[in-house]
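A closer look at the structure
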Amino acid sequence: MKVAVLTDSTAYLPEDLRRTFQIEMVPLSVTFGDVSYKEEVELKAEAFYPLVNDSKVFPKTSQPSIGYMTERLNQLAKHYDAVVAIHLSSGISGTYQSMQTAGDMVDNIDVYVFDSEISCMPQGFYALEAAKMAQEGEAPETILAKLNEMKQSMRAYFLVDDLTHLHRGGRLNGAQALVGSMLQVKPILHFVDTKIVPFEKIRTQKKALKRLMDLFDQDAKTGVPIRATVIHANCPSLAKEIAEDLQKRYPNVELSISYFGAVIATHLGEGSLGLGWYLK
């Protein structure tokens, strides 16, 4: 059985990595007024930040249409018997549900849809593992079982620098955003039951970063093999500094640096940081 692996653009897997592991990608979109861009295709992360800073309108995000997904599945059906589709959390986007609907509409390929219940590079970890297994000839059911096993230890925490974007995106009311900004609150967020929710609200970025390190330390100090990623929203120097510090402290950790692309950065804002990992 020939199995394709597909994910969406919010996994933020670099193009060369997708090509190496033959991972298909469907893009979500960011719209500024009347102009819409497919992220990672027509709008890269490095171009997004200047664009949003210069724009007079706050961008909106949208998922791929069911028609587009159906078309992509029909294309894959020419070369594959099945596809494992791995998407960002169903609690923050309808992409997962749309792929389920599209899968029901095609009858020439078996579609297995996986809700990562997360986003960004942790979502990419699932896609990379699935792609390696698919290349080794594993069945879709075996791949899904492995992904569900990974989910038991998958962790991700996000540190938001500016509360304005969460307020605009409906995550915080005006009063919370105003008070939080005055008090210099740096909320740490995480995923619970597919939704992004506050984990802790901490004063100053320095203390919030230390808290992220402490959370990571709880798993890393055990010595078990861990795959981790530092994720940044246009603050690569800080991400590199954190990654180098973690790599020195924990020889059992395989570490990479990733980024928040246009869709997720729309909701988190520039200067945000993330730390994601799972036990290998």
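Our subject is the structure listed above.
Numbers given for residues are sequential positions, taken from 1 along each chain in its written order. Reporting in this predicted model follows two pLDDT cut-offs: at least 70 for local features of residues, and 80 or more for side-chain atom pairs to be given and counted; totals over whole chains, interfaces and linings ignore these cut-offs and use all residues. Hydrogens and waters are ignored; side-chain quantities use all the structure's heavy atoms.

What to know about the packing of aromatic side chains
- Any Phe, Tyr or Trp ring, taking Trp's six-membered ring, that has another such ring centre within 6.5 Å forms a pair; planes under 30 degrees apart are called stacked, those over 60 apart edge-to-face, and the others tilted. Under the criterion given, the structure shown has 12 aromatic pairs.
- Aromatic pair Phe 32 and Tyr 37: ring centres 6.2 Å apart, planes at 75 degrees, arrangement edge-to-face.
- The rule is simple: take the accessible area with a 1.4 Å probe, protein chains only, and divide by the maximum for that residue type; under 20% is buried, over 50% is exposed, in between is partly exposed. Here Tyr 37 falls in the partly exposed class, since its relative accessible area comes to 24%.
- Seen from their ring centres, Phe 48 and Tyr 49 are 5.4 Å apart, and the 70 degrees between their planes marks the pair as edge-to-face. As far as the burial class goes, Phe 48 and Tyr 49 line up, both buried.

Re the nonpolar core
- What makes a nonpolar core is a set of buried Ala, Val, Leu, Ile, Met, Phe, Trp, Tyr and Cys residues whose side-chain atoms join them at distances within 4.5 Å. Counting 52 residues, the largest nonpolar core has Phe 48, Ile 86, Leu 147 and Phe 260 as its most contacted members.
- Of the residues forming this core, the biggest block, 10 residues, is contributed by helix α5 (residues 120-135).
- Any two residues whose heavy atoms approach within 4.5 Å at even a single point are treated as in contact. Setting aside chain neighbours within four positions, we find Leu 147 in contact with Val 84, Ile 86, Phe 114, Tyr 126, Glu 129 and Ala 130. Comment: elements are numbered from the N terminus, with helices defined as DSSP H or I runs of at least four residues and strands as E runs of at least two.

Some points on the packing of α5 against helix α6 (residues 140-151)
- At a closest axis distance of 10 Å, the pairing of α5 and α6 adopts a crossing angle of 150 degrees. In this view, α5 runs roughly antiparallel relative to α6, as classed from their interaxial angle. For the element pair α5 and α6, the recorded crossing hand is right-handed. In contact with Phe 125, Tyr 126, Glu 129, Ala 130, Met 133 and Ala 134 of α5, α6 contributes Thr 142, Ile 143, Lys 146, Leu 147, Met 150 and Lys 151.
- Ten residues, namely Ala, Val, Leu, Ile, Met, Phe, Trp, Tyr, Cys and Pro, are considered nonpolar, four, namely Asp, Glu, Lys and Arg, are considered charged, and the remaining ones, Gly among them, are considered polar. For the contact of α5 with α6, the per-class residue count stands at 8 nonpolar, 1 polar and 3 charged. Under this scheme, a helix contributes an axis fitted over its contacting stretch, all axes are lines through C-alpha atoms, and angles between N-to-C directions fall in the 0 to 180 degree range. For classification purposes, an angle smaller than 35 degrees is called roughly parallel, one larger than 145 roughly antiparallel, one from 65 to 115 roughly perpendicular, and anything else oblique. Each crossing is labelled by how the near helix is turned from the far one, with a counterclockwise turn of less than a right angle marking it left-handed and a clockwise turn marking it right-handed.

Looking at the packing of helix α9 (residues 205-220) against helix α10 (residues 236-249)
- Packing of α9 against α10 brings their axes to within 12 Å, and their N-to-C directions diverge by 35 degrees. In this structure, α9 crosses over α10, and the sense of that crossing is right-handed. Residue-level inspection shows Gln 205, Leu 209, Met 213 and Phe 216 of α9 in contact with α10, the latter providing Leu 238, Ile 242, Leu 246 and Arg 249.

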